[in-house]
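What follows is each chain in one-letter form.
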Amino acid sequence: MNKSIATDSLRPMTEVQVRQTREFIESLKEDCQTYWDMVEVGDVLSRDLTITPELVILYADAVEDYTPWYEGWKMNTWRIEGDSPFGGAIVPPMMVSHFVLSVQFDHTKPFAIGSVHTMHETELHEPIPVGATVTISAKAVDKYEKRGRRYVRHEVTVTDVNSGLLYMRELRDIMSL
């Protein structure tokens, strides 16, 4: 680490952490918009995510869900196929839902202010195998007002990158200032 980089009391920070923190702080100085003003109906954002056994076990430990169906690894053996009624190890059903926010907000735009996640409906179509690479896609499908408040509705799909198989679909509403 470059000793000439001055950081605050959060040390030790790597050069990457210092750069990312400074970039984030600088981005807060940009003109912020409400989510309502940032999103147009029809906007689509997506990203691919490979769901590794390590990612699954970190999630399962965090939510204290120790179902053996999720185990695609074994101590001192590392990765294994795992076992579930669906064949090999599967991803906890709601794990991928946590990654939707990283898709739903466009990181190239200034920070959105005043948004609250208010509605969430999930349909699970197929179990996701551990090790799969999925595409998470969020499309703004509606903007509406209800009781004087503004909402943006997104339809989210999670599909297999290779086969196109639909694993999951969600509807999400975000209330905006």
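Up top is the structure these notes are about.
Summary of the structure given here. (Residues numbered from 1 in each chain as written. Predicted model: local features only at pLDDT ≥ 70, side-chain atom pairs only at ≥ 80, totals over all residues. Heavy atoms only, no water.)

### Thoughts on a nonpolar patch on the surface
Part 1 of the reasoning: A surface patch of nonpolar side chains, about 270 Å² in accessible area, is lined by Phe-24, Ile-25 and Leu-28.
Part 2 of the reasoning: Positionally, Phe-24 belongs in helix 1 (residues 15–27).
Part 3 of the reasoning: Judged by relative accessible area, Phe-24 falls into the partly exposed class, the value being 44%. (Patch = residues over 30% accessible without salt bridge, like charges linked within 9 Å, V, L, I, M, F, W, Y side chains within 5 Å. Areas by Shrake-Rupley, 256 points an atom, 1.4 Å probe, with all protein chains shown as cover. Salt bridge = Lys/Arg side-chain N within 4 Å of Asp/Glu carboxyl O. Helix = DSSP H or I, 4+ residues; strand = E, 2+ residues; numbered from the N terminus. Buried < 20%, exposed > 50% of the residue type's maximum accessible area, 1.4 Å probe, protein only.)

### Description of the pattern of salt bridges
Part 1 of the reasoning: Tallied over the full model, the rule gives five salt bridges.
Part 2 of the reasoning: The salt bridge involving Arg-153 is made with Asp-173; its shortest N-O contact spans 2.7 Å. With Arg-153 in strand 8 (residues 149–160) and Asp-173 in strand 9 (residues 166–176), this residue pair connects regions lying 20 residues apart in the sequence.
Part 3 of the reasoning: Here Arg-169 ties to Glu-155 by a salt bridge, and the two come within 3.8 Å at their closest N and O atoms. You can see Arg-169 sitting in strand 9 and its partner Glu-155 sitting in strand 8, a full 14 residues away along the chain.
Part 4 of the reasoning: Residue Arg-169 is classed as partly exposed on the basis of its relative accessible area of 27%.
Part 5 of the reasoning: The class for Glu-155 is partly exposed, based on a relative accessible area of 31%.
Part 6 of the reasoning: Here the salt bridges do not stand alone but share partners, grouping Glu-123, Glu-155 and Arg-169 into one network.

### A closer look at the packing of aromatic side chains
Part 1 of the reasoning: Scanning the model with the defined rule gives two aromatic pairs in all.
Part 2 of the reasoning: Ring plane angle 85 degrees and centroid distance 6.0 Å describe the contact between Trp-69 and Phe-86, whose orientation is recorded as edge-to-face. On the criterion of sequence distance, the pair formed by Trp-69 in the loop between helix 3 (53–62) and strand 3 (73–74) and Phe-86 in the loop between strand 4 (78–79) and helix 4 (101–104) is long-range, its members being 17 residues apart.
Part 3 of the reasoning: Ring geometry for Tyr-144 and Tyr-151: centres 5.1 Å apart, planes at 10 degrees, overall stacked.
Part 4 of the reasoning: For Lys-143, the ring lying beneath its charged end belongs to Trp-36, and the centroid distance is 4.7 Å. (Phe/Tyr/Trp six-rings, centres within 6.5 Å; stacked < 30°, edge-to-face > 60°. Lys NZ or Arg CZ within 6 Å of the ring centre and 35° of its normal.)

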